[in-house]
Amino acid sequence: ASTFDPKLGYKQGRAIAKEAYFTGVRELLSPVMDLARDPRYGRCEETYGEDVYLSKEFAKEVVKGMQGEKLTDVFSVASEPKHFVAYGNPIGGLNCAPSTMGRRDAFAYCLPIFESAIKKGGALNVMCSYNSIDGTPVASDKELLTTILRDNYNMPGFVRSDMTAIAMLKTAHHIAATDK
């Protein structure tokens, strides 16, 4: 992102897709679309930085590069942008911590990046994050996962939970009484 040239993001996406394709991989859990505004966040180097506009442009171009014109084309792989949403601003910079952003800021600054990746870039799926926003875990947030992704963005694919995001509904967020 420091190049301020989103077209390089497209080229990066194509290169990543080709490498993945040659190894038999057809879907990537990538790119990271966290808006990094706290330098303590341990994954800042994976993001496109703190600027919403620049992040939106890179998100769109990298997804287009990975997926190509059609997913049935040679060297095209499905892209799964992550971490939906407001994950790059955790309390204390700690992985899995609640977001320092409230819903208003998350909607104003983080959601537009995913909207660009899905509506303009064509991303099929997303990966939801571990964090909570204003006390509501993203992994169980119907407004974010259904109203925003399905109804507003018309995302055609699925939402994959990040590794233990579902288990954390019981163990960390304490909103589920049982594992089931």
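Residues numbered from 1 in each chain as written. Predicted model: local features only at pLDDT ≥ 70, side-chain atom pairs only at ≥ 80, totals over all residues. Heavy atoms only, no water.

**Remarks on the packing of helix α3 (residues 103-120) against helix α4 (residues 142-152)**
Two numbers describe how α3 lies on α4: the axes approach to 12 Å, and their chain directions differ by 40°. Relative to α4, α3 is oriented oblique. Of the two elements, α3 crosses α4, and the hand of that crossing is right-handed. Contact residues: α3 offers R103, F107, L111, I118 and K119, while α4 offers E143, L144, I148, L149 and N152. Here the residues of the contact of α3 with α4 sort into 6 nonpolar, 1 polar and 3 charged. (Axes fitted to C-alpha atoms, helices over the stretch in contact; angles between N-to-C directions. Helix = DSSP H or I, 4+ residues; strand = E, 2+ residues; numbered from the N terminus. Parallel < 35°, antiparallel > 145°, perpendicular 65-115°, else oblique. Left-handed = near helix turned anticlockwise from the far one by under 90°. Contact = heavy atoms within 4.5 Å. Nonpolar A, V, L, I, M, F, W, Y, C, P; charged D, E, K, R; others polar.)

**Side note on α4**
Three or four residues apart is the spacing at which side chains of an α-helix point the same way, because the helix has 3.6 residues per turn. Looking at α4, one finds that the buried residues are L144, L145, I148 and L149. Buried positions in α4, seen along its axis, are confined to an arc of 120° and lie on one side of it. A side-chain oxygen of the first residue of α4 lies 3.1 Å from the backbone nitrogen of E143; this N-cap is D141. Of the residues trailing α4, N154 is marked for its positive phi of about 55°. (Buried < 20%, exposed > 50% of the residue type's maximum accessible area, 1.4 Å probe, protein only. Arc of directions from axis to C-beta. Polar contact = N/O pair within 3.5 Å; in protein donor to acceptor, adjacent residues only side chain to side chain.)

**Considerations on the sheet that holds strand β7 (residues 159-161)**
With parallel pairing, the 3 strands of this open sheet are ordered in space as β3-β4-β7. This sheet does not close on itself; its edge strands, each paired only once, are β3 (82-84) and β7. On average, each strand axis in the sheet is tilted by 50° relative to the strand beside it, whichever way the strands run. Across 2 bridges, the pairing between β3 and strand β4 (residues 126-128) is parallel. In the sheet register, K82 faces β4, and the bridge partner there is M127. Its contacts with the sheet place α3 against β3 and β4, and it is angled at close to 125° to β3. (Pairing = 2+ DSSP bridges.)

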